[in-house]
Amino acid sequence: MKFLESQLHQHIRYIAKQRSSHPIRPVSSAALSLLKRQTAGELKLNHWLQITAREMGIDYNDVSKEGRACAAYYERNCSNGSWKQPVRLLYTPELFHAQLNVLIEAADKCQSIGFVARKRGVSFEQFHFSQELHNHLYTVVEFESLSFAGLHAPNSVFNSVWAELTTDFIGANLENCRFMHMDGMYATWPGIHVYEGVFTRANLAGADMRRSYLRGSDFFSSRLEGADLRQANLSDCGLSGSFGKFLTSEPIS
């Protein structure tokens, strides 16, 4: 299961286990309030999971719900043949800490995630840009937009909420990435919404972009071999110079 859980979910569990062994008093007012409502007895791991998430500005129950919905979505796509390879996410505490610092710096300085990642020598390969990670990042830095230009993130998973904040995917390596949308009730389906996105020189080979709204996007010199764009809205898209045969069909109404 750990290979299916987002890095955020795994990191919360990692910290919570450490704190359950060596209790550290919560510091945020939200976490302190939660602590007062917990049992008067010994705090168990479940309490520390809740407290750790609360200190990150998110709800652990929401993280768990998102995780279960994603795992079911992954299984469904593998079972019905939509994906040839299963999702496998990479996590170590040190790597996630470095990745989180990249996201914070990029959002704070309005720089591309790819630029900051290269500067710091950090990869986002097999990473989950999850909905709850986005929520956590926004509690740290209030940002209006993001850029994925130059990002190295093959075999990753993107929740649409990230893509909706940018049009810049120039030169990004998104090979075999899965793009998915999740509603407020955690119903999940393929696709992202990017109007007039710039995918110039991006590597989208093998990416799952079914049902995506990509109207007016520019795919000049992008690699599309094996990309799944069935039922995607490709109206007014620029495909000049792109290469590789991709899957397509009529867009959904």
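This structure is a prediction, so every number in the text was calculated from the model and none was measured.

**Q** Could you clarify how one ought to interpret the overall build of the protein in this entry?
**A** Along the backbone of the protein there are eight helices and six strands. Along the protein, from the amino end to the carboxyl end, the secondary structure elements read α-α-α-α-α-α-β-α-β-α-β-β-β-β. Put simply, the protein has 253 residues, and 48% of those count as buried. In the protein, the share of contacts with a sequence separation of at least 24, taken over all contacts with a separation of at least 6, comes to 48%.

**Q** Explain helix α4 (residues 60-79) to me, please; I cannot follow it from the model alone.
**A** Each α-helix turn comprises 3.6 residues. Residues three or four places apart therefore point the same way. Helix length check: α4 (20 residues) gives 28 Å between terminal C-alpha atoms against 28 Å at 1.5 Å per residue, within 8%. Among the residues making up α4, those that are buried are Tyr 60, Val 63, Ser 64, Glu 66, Gly 67, Ala 69, Cys 70, Ala 71, Tyr 73, Tyr 74 and Asn 77. The N-cap residue of α4 is Asp 59: its side-chain oxygen and the backbone nitrogen of Asn 61 are 2.8 Å apart.

**Q** Can you walk me through the packing of aromatic side chains in this structure?
**A** The description of an aromatic ring pair rests on the distance of the ring centres and on the angle between the ring planes. As enumerated under the stated definition, the model contains 16 aromatic pairs in all. Taking the centre distance of 4.8 Å and the plane angle of 70 degrees together, the rings of Phe 127 and Phe 129 count as edge-to-face. Across the pair, exposure class does not vary: Phe 127 and Phe 129 are buried alike. Between Tyr 138 and Phe 143, the ring centres sit 5.4 Å apart and the planes meet at 75 degrees, which makes this aromatic pair edge-to-face. Among the residues examined, Tyr 138 registers a relative accessible area of 38% and is labelled partly exposed. A relative accessible area of 7% means that Phe 143 is categorised as buried. Aromatic rings pair up to connect Tyr 91, Phe 96, Phe 124, Phe 127, Phe 129, Phe 148, Phe 158, Trp 162, Phe 169, Phe 179, Phe 199 and Phe 219 into one cluster.

**Q** Explain the confidence of the model for the protein here, please?
**A** Residues shown with low pLDDT carry predicted positions that ought not to be read at fine detail. For the protein, the mean per-residue pLDDT works out to 90, and 90% of the residues sit at or above 70. Mean pLDDT in the protein bottoms out at helix α2 (residues 29-37), which sits at 57, and peaks at strand β1 (residues 128-129), which reaches 98.

**Q** Can you walk me through the sheet that holds strand β4 (residues 188-190) in this structure?
**A** The strands that make up a sheet are held in pairs by hydrogen bonds between backbone atoms, and each pair lies either parallel or antiparallel. If you walk across this open sheet you meet the four strands as β1-β2-β3-β4, and the pairing is mixed. Bordering the open sheet on either side are β1 and β4, each of which pairs with just one other strand. Sheet topology note: the β1/strand β2 (residues 157-159) ladder contains two bridges and is parallel. Bridging across to β2, His 128 finds its partner in Val 157.

**Q** Honestly, the side chain of Glu 132 in this entry has me stumped. Any pointers?
**A** Position of Glu 132 relative to the elements: it lies in helix α7 (residues 131-140). The charged side chain of Glu 132 is buried without a salt bridge, its nearest counter-charge being Lys 65 at 9.4 Å. If sequence neighbours within four positions are ignored, Glu 132 has contacts with Leu 8, Ile 58, Asp 62, Val 63, Glu 66 and Tyr 186.

Calculation rules
Residues numbered from 1 in each chain as written. Predicted model: local features only at pLDDT ≥ 70, side-chain atom pairs only at ≥ 80, totals over all residues. Heavy atoms only, no water. Helix = DSSP H or I, 4+ residues; strand = E, 2+ residues; numbered from the N terminus. Buried < 20%, exposed > 50% of the residue type's maximum accessible area, 1.4 Å probe, protein only. Contact = heavy atoms within 4.5 Å. Expected span 1.5 Å × (residues − 1). Polar contact = N/O pair within 3.5 Å; in protein donor to acceptor, adjacent residues only side chain to side chain. Phe/Tyr/Trp six-rings, centres within 6.5 Å; stacked < 30°, edge-to-face > 60°. pLDDT = per-residue confidence, 0-100. Pairing = 2+ DSSP bridges. Lys, Arg positive; Asp, Glu negative; His and termini not counted. Salt bridge = Lys/Arg side-chain N within 4 Å of Asp/Glu carboxyl O.

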